[in-house]
Amino acid sequence: MRRHHLLLLVLVALPLLVLPPFLSLGLQNTLVSMLVAALFAVSFNLLMGQGGMLSFGHAAFFGIGAFATLHLMLAVEDGLGVPTPLLPLAGGLAGLGLGLVAGYFATMRAGVYFSLVTLALAELLHTLAPQWDGMFGGEAGMSSMRMPWGGLVFGSVLEVYYLSLAWVALCLLLLWAYTRTPFGRLTLALRDNEQRVRFMGYDTHKARLVVFAVSAMFSGVAGGLLAFSNEVANYTTFGMPVSAQVVLHTFIGGSTVFLGPVVGAAVLTLFAFFVSDLTRSWLLYQGVLFVLVMLYAPLGIGGIVELHLRHMRELRWRALAGPYLGAAVAGLLIAAGFVFVIESLAVLFSSDYAVLRRDAGGLPPFPFLGTEWQPLSPLTWLAPLLAMAAGGWLASRAGRRIAPLWDEARRVHTQGGETA
Amino acid sequence: MSTPVLELRDVHKAFGAARIIQGAELAVARGERHAVIGPNGAGKSTLFNLISGMFTPSSGEIRLAGRRIDGLDANAINRLGLSRSFQITNVFARMSVFENIRIGVMARHGIRFDLLRRAAAMRAVNEQAQALVERVRLAGRRDTLAGDLAYSEQRALEIGMTLSTGAEVILLDEPTAGMSREETAHAVELMRDLTKDKTLLVVEHDMDVVFGLCDRISVLVYGKILATGTPAEIRADRRVQEAYLGEEAA
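None of the values given here were measured: they were computed from a predicted structure. All residue numbers refer to position in the chain's written sequence, counted from 1. Lettering for chains starts from A, numbering for ligands starts from 1, and both go in the order in which the items are written. In keeping with the predicted nature of the model, local features appear solely for residues at pLDDT of at least 70, side-chain atom pairs appear and are counted solely at 80 or more, and the whole-chain, interface and lining totals rest on all residues. To get the side-chain values, all heavy atoms of the structure are used, and hydrogens and water are removed first.

Further remarks concern the overall build of chain A. Only DSSP runs of H or I covering at least 4 residues are called helices, and only runs of E covering at least 2 are called strands; the numbering of each starts at the N terminus. Check the secondary structure of chain A and you find 17 helices and four strands. Considered along the principal axes of its C-alpha atoms, chain A spans approximately 70 × 70 × 45 Å. Note on classification: 1.4 Å probe, protein chains only; a residue is buried when its accessible area is under 20% of the maximum for its type, exposed when over 50%, partly exposed between these limits. Going through the 420 residues of chain A one by one, you find that 46% of them count as buried. In chain A, of all internal contacts separated by at least 6 residues, the share reaching a separation of at least 24 is 76%. About 20,700 Å² of surface is accessible on chain A, with carbon and sulfur atoms providing 71% of the total. The criterion used for residue contact is that any of the two residues' heavy atoms lie within 4.5 Å. For accessible areas, the Shrake-Rupley method is used with a probe of radius 1.4 Å. Any residue's cover is judged against the shown protein chains and nothing else.

Residue and element names in this part refer to chain A. Here the second largest pocket defines a volume of roughly 1,700 Å³. Along its surface, the second largest pocket is lined by 37 residues, and Leu292, Tyr296, Ala297, Ala327 and Gly331 are the ones closest to its centre. Breaking the lining of the second largest pocket down by element, the ones donating at least two residues are helix H12 (260–275), helix H13 (282–296), helix H14 (300–310), helix H15 (317–348) and helix H17 (378–419). Per element, the largest residue contribution to the lining of the second largest pocket is 10 residues, and it comes from H15. Only Asp, Glu, Lys and Arg are considered charged in this grouping, and only Ala, Val, Leu, Ile, Met, Phe, Trp, Tyr, Cys and Pro are considered nonpolar; every other residue, Gly among them, is considered polar. Among the residues forming the lining of the second largest pocket, the class breakdown is 30 nonpolar, five polar and two charged. Computed over the protein atoms alone on a 1 Å grid, cavities are sets of points where a 1.4 Å probe fits but cannot get out and pockets are open sets with protein on both sides within 12 Å along at least five of seven lines; a residue lines them when it has an atom within 4 Å of a point. Grid points are joined across faces, edges and corners, and a volume is the space filled by probe spheres set on the points.

Below, the discussion takes up the sheet that holds strand E8 (residues 199–203) of chain B. Residues and elements named next belong to chain B. Between any two strands, pairing holds if DSSP finds at least two bridges. Taking strand neighbours across the sheet as the criterion, the six strands line up as E6-E7-E8-E3-E9-E10 in an open arrangement whose pairing is mixed. The open sheet terminates on both sides in strands that have one partner only, identified here as strand E6 (82–84) and strand E10 (224–229). Between one strand axis and the next, the sheet turns by 20 degrees as a mean value, whatever way the strands run. In this sheet, E10 lies alongside strand E9 (residues 216–221) in antiparallel orientation, the contact comprising five bridges. If you follow Val219 over to E10, its bridge partner there is Ala227. Where helices are involved, their axes are fitted lines through C-alpha atoms of the stretch in contact, as for all axes, and angles between N-to-C directions lie from 0 to 180°.

The subject of this paragraph is helix H3 (residues 97–108) of chain B. Expected span of a helix: the number of residues minus one, times 1.5 Å. Given a rise of 1.5 Å per residue, 12 residues ought to cover 16 Å, and the 17 Å separating the end C-alpha atoms of H3(B) matches this to within 8%. Where the residues of H3(B) are buried, they touch helix H8 (182–192) of chain A together with helix H4 (123–135) and helix H5 (151–164) of chain B. Count one or two residues on from H3(B) and you reach Gly110(B), which has phi positive near 70 degrees.

Looking now at the nonpolar core. A general tendency of soluble globular proteins is for nonpolar side chains to be buried together. In plain words, nonpolar cores are sets of buried Ala, Val, Leu, Ile, Met, Phe, Trp, Tyr and Cys residues tied together by side-chain atoms within 4.5 Å. Counting 127 residues, the largest nonpolar core has Leu39(A) and Leu157(B) as the members making the most contacts within it. Look past the residues within four positions of Leu39(A) in its chain and what remains in contact with it is Val168(A), Cys171(A), Leu172(A), Leu175(A), Phe218(A), Val221(A), Ala222(A) and Leu225(A). In this structure, Val5(B), Phe48(B), Ile62(B) and Leu171(B) belong to the second largest nonpolar core, which totals 25 residues.

Turning next to the domain arrangement of chain B. All names here are of chain B. Segmentation into domains, and thus their bounds, comes from an automatic or database assignment. The domain architecture assigned to chain B consists of domain 1 (1–81 + 170–250) and domain 2 (91–166). Contacts between the two partners involve 19 residues from domain 1, matched on the other side by 13 residues from domain 2. The term buried area denotes the loss of accessible surface (1.4 Å probe radius) that occurs when two parts are joined, taken as the sum for both partners. Between domain 1 and domain 2, the buried area comes to about 1,400 Å², and carbon and sulfur atoms account for 60% of it. Take a side-chain nitrogen of Lys or Arg and a carboxyl oxygen of Asp or Glu: if they are within 4 Å of each other, that pair is a salt bridge. Where domain 1 packs against domain 2, one counts one salt bridge.

Before going further, it helps to examine the pairing of strand E2 (residues 18–28) of chain B. Where a strand is regular, its side chains alternate between the two sheet faces. All names here are of chain B. Here eight bridges tie strand E1 (residues 6–15) to E2, and the two strands are oriented antiparallel to one another. Note on E2: the bridge partner recorded for Lys13 is Ile21. Where E1 folds back on E2, the antiparallel hairpin that results is connected by two residues, among which Gly16 adopts a positive phi of roughly 65 degrees.

Here the focus is the sheet that holds E1(B). Residue and element names in this part refer to chain B. In spatial order, the strands read E2-E1-E4-E5; together these four strands make up an open sheet with antiparallel pairing. Two strands close off the open sheet at either side, each with one partner strand: E2 and strand E5 (67–68). Contacting E1, E2 and strand E4 (59–64), helix H1 (residues 44–52) crosses the sheet at an angle of about 115 degrees to E1.

Following this line, the structure appears as structure tokens:
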């Protein structure tokens, strides 16, 4: 297991260290966003995956971290002697402070009520911020400049990237260490059964508050890094889309594995970067992906990888290879059919096509993928529907072959555990 | 007789119009094994919930080693030395057997909000947790997730967790419910061994368990303690026979 970790670290860390100077500016910027999103998601998952508390308002702590960092940056502009690389610390402190106050109330309740209180607190800030000029810069928001420090100019994206990488690596290390402490173990117990923890002599309100505050603190650092990178922030940082995004990252990446949320954040940030230029429907695809993961792979990407690693020895890989390949082809077929339908509809309902229609008087062929398609021809729609149907058939066939192989692997695994 | 380690004086509990406990009086002596029996709906579970801090009594006093505990939160009551198990298994399903027990042992050592050391480096805690895992005979299942245990193993873990905080007074709520005859015998032996130098208060339906394990028995009927005495006294008590034992025999 130890060797696995080391190997994984090298495989992930090396490209992150070596590649960025050779990438485009846009991609460098995306990598900074990815790092910020990764830290935010792991902080969120400390509360969700480990503490069992689903916050729908984590943008509050992310946002307060961003604004606090900008305030400190403004102070540094005015001559305050804080080293520039330490600026995100302000975000962490602000997140901790707000986390203690908001968490005190939110952790009085569990389950849905907890989620609703966090949602309300974030919405409170979201509506308050545009009115509050001095604190959040009103509707326009706040901006500042990174000051040079100790020979570093912090003018280039690359410098920002490496500073972010250092901060994120440090914070992830601390969050990992957290899981190994006595309180880290207690956090898991709180998730599994708060009542029992109480009856074992722990003040669970206080314990849940500590988990909440730590999560808010690291979320604040993530927000601080965002402000440090963008040099601006406005009230939309407190908005529901930010709170929702971190939920999506965490669940798609997998909340049961420590680095799962990192995977989710990386996949979706890169997905947005590459796909948002190609289509305006990318948010729809992201939503569909989320629904599919919840329905068919609730463990998330990280959880699935972990499941395979855990059953590495018991799985019959040779027998699995065929059905897995079939499932992959099925996925591609379904995706291709679905994307074709959505993108065709997008063209048909676009203003460009409205012009064509007016000129032609009727329903003229529409251009897509370099050729013309007849909107009323059954053939146009039959092809994607057939692809999806074939994909569905192939998927269920592959599923039927995969299931017994997994059942067997699980059986062997538990038996092995008993004799050991 | 010295002061009882656990004492209830004129305890009442009503939920709206439903008066579940109506003036319960109970005195449990230090070191004894004491059973509470009674027909269904007599209020046994409510009584346990009042003592352990799940509910607050409507009126009356509950004392632990002379100190009033009614109205305190469950976690404070546990820290004062009273620990309870649950009728419906109440474990940390996604944690290992060892970790389930260790949470309680941590509390015994006052390690509650410690973020500055490694859990693996708490030597005394880990040794005691391991010892307790062995005492409840789950050593072979040490690293199994609690949710994956067989039912009777979960019940054993339930008892282990109740003991893990080091409490002096142990409340067990139907520890053998749902067990086969063989498993019950095993569980009784386990309870006898584990509560050797403790005070035990147990709610139990199996009369063989009650009469075989306990020094004294209290009979709860309609929210009142009808009688308290040794197994022989209770067996001979006419009121008890009418109210409870007779009813069951019929």
